[in-house]
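Residues per chain are reported as follows:
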Amino acid sequence: MIGLSSDIKLALDTVIEGLEYRFNDDDLLNPEKMQIIMKSKVSSFKSAKDILMRWSGSPNAPTQEILVEYVKGVIHAGDKALLTLRHALRQKIDYTELDATSHNQAIAAKSFILESVFDLDKALIDLRNKLEDGNLDLSDKEFKLGYPEVYAKKASYNIKNYFKDWYNEDTDGVNICPHSTVGETIVLQDLSITLPEEPEDKTKILFHNLPQKKQHWVRQQAPEEINPDNVELWDEYIKEEYRRRREGLWFYNNGEAVYLTGHHYFALQWCAMLDNGGYMDFRVAQLNMFYHIQACITDKRCLGQLFVKSRRTGFTYAVLCVLLNQATTTPNSKFGMTSKSGDDVQEAFDKMSYMFLSLPFYFRPVVRGKEDSPNELFFGKPSNNSKEAKKTRNTGIKDYLNTSVDHRPTKNDSYDSVKLDGYLGDEAAKWMKPHDYIVHLGMVAPTMMPNGKVVGKAYIGSTMGARAKGGDQYVEMINGSQVSKRNVITKKTSTGLYMYFLPAQDNMEEYTDKYGKCHVLKPEVKTYNISGELIERGSIEYLLAVEEQKKAQSDKALNEQLRTYPRTLEHALRDEESQCVFNINKLYEQIDYDATLPEESLYTRGNFKWRSGVVDTDVEFYPDDKGRFKISWMPSKVDNTEDLKNAVKRLGEKYYPLNLECVRLGCDPFSLKSTHGKGSKGGIHGKTIVSPDGGAPSNKFVLEYLARPTDETVFFEDVIMCCRFYGAPILVESNRIDLLRHMRNRGYRAFCMDRLDRPKSKLNPNELEYGGQVMSGKDILDSHMNAIGLWVENYVGVYNNEEQKVRPQGEMGDMPFEETLKDWLAFNPDKRTEYDATISSGLAIMACHTERYRGKKEVVKRIHVKSLLKKYNNKGAIGSQVTMKNSNYAK
């Protein structure tokens, strides 16, 4: 109808004027009159809102600016009407002036006015929220469903305003403040996380009014009076709880202001646990866990969190709380979970179901189907097949959440091609064949990260399974989830995930006080744990004592203790004792010890280069933090005259090593044309012989090289330069002939040792021409493995053999190369070609003990050697040698 818009404006002006009209007090003395007047205020507001709604949805709809202006006018008039209602509510009744029959009517009018105050106040709050959010759909239909549906439709906030400045350029980290304030920055694992700024107004921090010692987390009881009939009276309380669920809150903890993320607050305050019916305690260890989870959620480069668990970390419960918080407030979403078995994932789903059923009604969305379904929670419109529903075509679903949570079986293709907004992968390190979690993740990840854009988040966690039973895949995922190794182009880790490990000593209930602090050391003052028991020692002292007990029991018992309650990531990644070929405890003792030392005291990284760039002359070592070689010792001058570096003799176009009594090398080559194993690398190891002359360390590994240059000739040149620098022979695996042929062609055949298990008279023409060790046949493979095993027993970890005294009792070994130690840990004889470090290190050991494989001791020409253990000053273009004093390697 043309011109109707101006008529509507006039009608609105009239209604607004009526809302603002202030009656005389005399008019309010008559109970009947007063009730009619108050009713007119409420009905006038509803009429104004109804006119606005019809106007905005009509062909005569006003511009956005005019609509906003009138909405503001209605709110202003409504506020004045509310003042009138409250004035009438306060107005005294002069019963002496009233007829006795009017007393009851006057009292009833007060009740009516109070109800009108509540109705008008609620309507004003709703209209203000819509105005603030820019949502001027004034219909009341979405308020009929419930708070979860209203919240999910953004009736009370706009998620686009959150985390606008999530990236902290100064720290290359993540700001987890929803409003992008900048507070303290912490580092968890290798991820920098910026917390929100502490509020200036201390009254906004929970427990601000309590004495310091009474300031600790206590769950706040929900008002028992709230029910569906009076829920609108508690609108402010409920909206505030929703705000806390998404934004978090601050609370005082023993005088310190602590920030809880929204998910952490939801877990502590609202998520009942199926295990005991109670709620999670506040623990600093879990505070950090939730910080890391929130950072993974906020970071647009991150697919989610990869968590390495010890027993009872609370990870599964934490993630279930996150998923439930998201699922009950997010429309049109899908959340799922898997575990190591059908029973395990059912148990996890049951825990979430219990949490959901324990939520107050104003947090539970409308459910289609059974609320206690063991398989799926679907938040949507309930089925209605009645004739009345069909006649009215009341089948709309868009006002419901239409979000689901379910679980799937332990299969590679579970959730394949299903869009996921959130996913729990529980006990992911224990998927046994034929299931493979790497394959599964490869199918699931694209549903949450299509074309590289992260649209969903995965939360994957597990205690370590045996390497052969899912553990290998998890180790691969851990290695591919290091924040420090993000790709410079994709800005992501290779898995998309960020790894986080929680040490056992940081999360032990018996050593955690009421402030959530786990005491790793004995408290200096009398302190009680959350059960009220005195804390008499620190968690580390306790764990070390248990480890000593287990060690006295058996190596297997100790290994299981460390796997179950890991103090370090290396402990968590231990294999089952039966799965490790070598002495697992000695290997871990050495790894743990080396981890306490700075890298520069263990070895120097660098590369070899030809002096002045002239090939087949002397070689120099250049320190480089990104170098391919790690060196803990190299030969030096004897009496400042004879330099044992580059001890090479040239006869015509051929070269011969002269330092036969110092170092011998082992090599596992690779070829770009024919690689072995996934991610195959070239391996070189150097080890000194037993009791060398001079100052060389006896029977020690002094060099490690594990690299895969893009050009195989770079590797070949690295081998030749290494051999020349040390003047040392090398035992090369000959299953691939490329390197040996290259060395023969360059004149270095004399450096290539012949195979050890045959006399020279029985070598075939190829073996005579090229040298090298054939690694096939049970005898030589067993000899190779036994050589490493014997060396580990005698020279790795703490020595405690009373019968055969190879070195002092209680002395720690000095194997400085962690990659090799870990390769020995993981070594699988059935897949030996995948373990480059094990192959080359074993060949180095065999090269130093040739007499074991030919039936008689080999006689070699002895050359006088006097050399010192060195470390290197990395300043300058060429590394200079400095004597290593007080070093574990200068014995």
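In this report, the structure presented in the accompanying data block is examined. Note that the structure is predicted; figures quoted are calculated from it, not measured.

## Brief notes about the sheet that holds strand S14 (residues 604-610)
Alright, step 1. Pairing in this open sheet of seven strands is mixed, and the strands run S15-S14-S16-S23-S22-S21-S24 from one edge to the other. Only two strands of the sheet have a single neighbouring strand rather than two, namely strand S15 (619-623) and strand S24 (730-732). Pairwise comparison of adjacent strand axes, ignoring direction, gives a mean angle of 25 degrees for this sheet.
Alright, step 2. Pairing of strand S16 (residues 629-631) with strand S23 (residues 701-707), which is carried by three bridges, proceeds in the antiparallel orientation.

## Remarks on the layout of surface pockets
Alright, step 1. In this structure, the second largest pocket occupies an estimated 1100 Å³ of space.
Alright, step 2. Lining the second largest pocket are 35 residues, with Ile-159, Phe-163, Ile-297, Gln-326 and Lys-457 positioned closest to its centre.
Alright, step 3. Breaking the lining of the second largest pocket down by element, the ones donating at least two residues are helix H6 (235-247), helix H7 (262-270), helix H8 (284-298) and helix H9 (315-327).
Alright, step 4. With three residues, the top contributor of residues to the lining of the second largest pocket is H8.
Alright, step 5. Among the residues making up the lining of the second largest pocket, the classes are represented as 14 nonpolar, 12 polar and nine charged.

## What to know about the packing of aromatic side chains
Alright, step 1. Applying the stated rule across the entire model yields 38 aromatic pairs.
Alright, step 2. Consider the rings of Trp-270 and Phe-363, whose centres lie 5.0 Å apart with planes at 90 degrees: the pair is edge-to-face. Here the residue Trp-270 occupies a position in helix H7, and Phe-363 occupies one in the loop between helix H10 (342-358) and strand S9 (376-379), the gap between them amounting to 93 residues. Neither residue differs from the other here; Trp-270 and Phe-363 are each classed as buried.
Alright, step 3. Site record: aromatic cluster; members linked through ring pairs are Phe-608, Phe-621, Phe-629, Trp-633, Phe-670, Tyr-705, Phe-715, Phe-716, Phe-725 and Tyr-726.
Alright, step 4. One Lys or Arg, Arg-245, reaches over the ring of Phe-363 and ends 4.6 Å from the middle of that ring.
Alright, step 5. The ring of Phe-378 carries the charged tip of Arg-368 above its face, separated from the ring centre by 3.9 Å.

## Some details on the pattern of salt bridges
Alright, step 1. Enumeration according to the criterion identifies 44 salt bridges in this entry.
Alright, step 2. Note that Glu-717 is salt-bridged to Arg-746, the shortest N-O span being 2.8 Å. Taken together, the positions of Glu-717 in helix H19 (residues 712-726) and Arg-746 in helix H20 (residues 738-746) put the pair 29 residues apart, joining distant regions of the chain. For the pair Glu-717 and Arg-746, one class covers both residues: buried.
Alright, step 3. Arg-755 serves as the salt-bridge partner of Asp-757, at 2.9 Å between the closest nitrogen and oxygen.
Alright, step 4. Taking relative accessible area as the criterion, Asp-757 reaches 30% and is therefore assigned partly exposed.
Alright, step 5. By relative accessible area, which is 7% here, Arg-755 ends up buried.

Cut-off values and rules
Residues numbered from 1 in each chain as written. Predicted model: local features only at pLDDT ≥ 70, side-chain atom pairs only at ≥ 80, totals over all residues. Heavy atoms only, no water. Pairing = 2+ DSSP bridges. Helix = DSSP H or I, 4+ residues; strand = E, 2+ residues; numbered from the N terminus. Axes fitted to C-alpha atoms, helices over the stretch in contact; angles between N-to-C directions. 1 Å grid on protein atoms, 1.4 Å probe; cavity = no way out; pocket = protein on both sides within 12 Å on 5 of 7 lines; lining within 4 Å. Points joined across faces, edges and corners; volume = space filled by probe spheres on them. Nonpolar A, V, L, I, M, F, W, Y, C, P; charged D, E, K, R; others polar. Phe/Tyr/Trp six-rings, centres within 6.5 Å; stacked < 30°, edge-to-face > 60°. Buried < 20%, exposed > 50% of the residue type's maximum accessible area, 1.4 Å probe, protein only. Lys NZ or Arg CZ within 6 Å of the ring centre and 35° of its normal. Salt bridge = Lys/Arg side-chain N within 4 Å of Asp/Glu carboxyl O.

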